[in-house]
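# Survey of secondary and tertiary structure
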Amino acid sequence: MESGGTSWLSNVPWISAVPLRRGHLWAILLGVLTAVQFIIMTKASLLMNPWQTVFWRSCGLLLLVPFISWRASESYTTVDLTGNIMCAILDGASLSLQTVALTLMSTSHVSCILSNVPLPTSVLACLILGESFDVLDGVLASVNGVGLVLLNLGAGTGGTSSLQGVVYSLGSLLSACLLVIICRGLAHRNSQDPYLVSFMAGVGGLLTSIASLPFGPTWVFPTSTEEILLSLSVAAVGIPLFLTFTRALQTENALVVTAFLTIAIPITFCYDIIFNDVSVIWSEVLGSFFIIVTTILLCVRSTVDGE
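A few points on the structure. (Residues numbered from 1 in each chain as written. Predicted model: local features only at pLDDT ≥ 70, side-chain atom pairs only at ≥ 80, totals over all residues. Heavy atoms only, no water.)

### A closer look at the packing of helix H6 (residues 107–114) against helix H13 (residues 264–275)
Helix packing geometry: the angle between the two helix axes and the distance between the axes. For clarity, the threshold we go by: Fitted lines through C-alpha atoms serve as axes, helices being fitted only where they are in contact, and the angles separating the N-to-C directions of these axes extend from 0 to 180 degrees. Only runs of H or I of at least four residues qualify as helices and only runs of E of at least two qualify as strands under DSSP, and these elements are numbered from the N terminus. Here roughly perpendicular refers to angles of 65 to 115 degrees, roughly parallel to angles under 35, roughly antiparallel to angles over 145, and oblique to all remaining angles. Helix crossings are classified by the rotation of the near helix relative to the far one: an anticlockwise turn of less than a right angle makes the crossing left-handed, while a clockwise turn makes it right-handed. Should any heavy atoms of two residues lie within 4.5 Å, those residues are considered in contact. In the scheme used here, Gly and all other residues not listed as nonpolar or charged are polar, with Ala, Val, Leu, Ile, Met, Phe, Trp, Tyr, Cys and Pro taken as nonpolar and Asp, Glu, Lys and Arg as charged.
As a packed pair, H6 and H13 sit with axes 8 Å apart at the nearest point and diverge in direction by 165°. Comparing their axes, H13 and H6 come out roughly antiparallel. Along this stretch, H6 crosses H13, giving a crossing that reads as left-handed. Residue-level inspection shows Thr 107, Ser 108, His 109, Ser 111 and Cys 112 of H6 in contact with H13, the latter providing Ile 265, Thr 268, Phe 269, Tyr 271 and Asp 272. Of the residues that constitute the contact of H6 with H13, the class distribution is 4 nonpolar, 5 polar and 1 charged.

### As for helix H7 (residues 118–129)
Going by this rule: For every residue, the accessible area obtained with a 1.4 Å probe (protein chains only) is divided by the maximum for its type, and the residue is called buried under 20%, exposed over 50%, and partly exposed between those limits. Each C-beta atom gives one direction from the helix axis, and the arc is the one those directions make.
All buried positions along H7 are accounted for by Pro 118, Thr 121, Ser 122 and Ala 125. The arc that holds the buried residues of H7, viewed along the axis, is 95°, so those residues lie on one side. Counted as exposed and oriented over 90 degrees from the buried face of H7: Leu 127 and Ile 128. Looking one or two places after H7, you find Gly 130, whose phi comes out positive at around 75°.

### Some details on the nonpolar core
Rule in force here: By nonpolar core we mean a set of buried residues, namely Ala, Val, Leu, Ile, Met, Phe, Trp, Tyr and Cys, connected to one another through side-chain atoms within 4.5 Å.
If you look at the biggest cluster of nonpolar residues, it comprises 48 residues, and the most contacted ones within it are Val 110, Leu 179, Cys 183, Phe 242 and Phe 245. At the level of elements, helix H2 (22–47), helix H3 (50–62), helix H5 (78–102), H6, helix H9 (160–188), helix H10 (194–211), helix H11 (225–251) and helix H12 (254–260) are the ones that each hand at least two residues to this core. In terms of residue count, H11 provides more of this core than any other element does, 9 residues in total. Listed in part, the 6 residues of the second largest apolar core include Tyr 76, Leu 196, Phe 199 and Met 200.

### Observations concerning the packing of H3 against H5
Relative to each other, H3 and H5 sit at 140°, their axes nearing to 9 Å. Put simply, H3 runs oblique to H5. Pair H3 / H5 crosses with right-handed handedness. Facing H3, whose interface residues are Pro 50, Trp 51, Thr 53, Val 54 and Arg 57, H5 presents Asp 91, Leu 95, Ser 96, Thr 99 and Val 100. Residues that form the contact of H3 with H5 fall into these classes: 5 nonpolar, 3 polar and 2 charged.

### Observations regarding the pattern of salt bridges
Put simply, the rule reads: Here, a salt bridge means any side-chain nitrogen of Lys or Arg that lies within 4 Å of a carboxyl oxygen of Asp or Glu.
Taken as a whole and judged by the stated rule, the model has 3 salt bridges. One salt bridge in this structure joins Asp 91 and Arg 57, with 2.7 Å as the shortest N-O distance. Here Asp 91 is found in helix H5, whereas its partner Arg 57 is found in helix H3, with 34 residues between them in sequence. Of the residues examined, Asp 91 reaches a relative accessible area of 5% and is grouped as buried. Judged by its relative accessible area of 2%, Arg 57 is buried. For Asp 80, the salt bridge goes to Arg 189, with nearest N and O atoms at 2.6 Å. With a gap of 109 residues between them, Asp 80 in helix H5 and Arg 189 in the loop between H9 and H10 connect regions that are remote in the sequence.

On their own, these measurements won't tell you what the molecule is for.
In structure tokens, the structure reads:
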């Protein structure tokens, strides 16, 4: 497993003053890409069957198969192989539930709920993987959670659709928490190949979307320019997103990685405010402040601890 020590940019004078490590850079990129995926999948799900967006995203990940280190995989134990299979199942479940939720609620509110991962994931990582989680970590994660709760206050104002969206989002959140734990566990065992994990996630999403065929609306192949571009975009964004997800978990603990996921929240809120005329209430502003501050503090704290 790679060390998350000194940043590889530390020799650049103006960057050396910024308390970032390589894992932080992966995690920041992960947060940005997560927001981009939320936005693209929301637009795609409104134009076509939501399960088709899962299908296209999964097809993109299948393109990574030539890069898998098959020689290294020969040394994997049954536990390692089971972990990769679980990654496929959990990512397929999380993405499918997220996609349905995006048809029932705004992009920003779904991203808020799905970003409630730092506290439950870090507690599970402490109990299952033995990762550090002290009182200060608990305080910062709790304040981060309070910020997420404040952001979610506006999610229940849309009637039955919003309530259903919350339920689907919570199911996606649970699957995502378990996915983080398993990927981090594979990293602890030095058996986390980002390309293999990403490929397995693609297999899981592909099977899940195909299994939905008898139960949902008929799939229609993209014909308009917008539909084609969105389908290609969904497939394209999934590749760097999952690779940064696995890379971040190789170099940083579950708490730090999931805290940086909350970067997606202000991005999606800005998108909804600018393009979808979504109004902002005081609780969402306060919640965003709590999230940003605690994420920065967790970044600084993990950097200091790693020196």
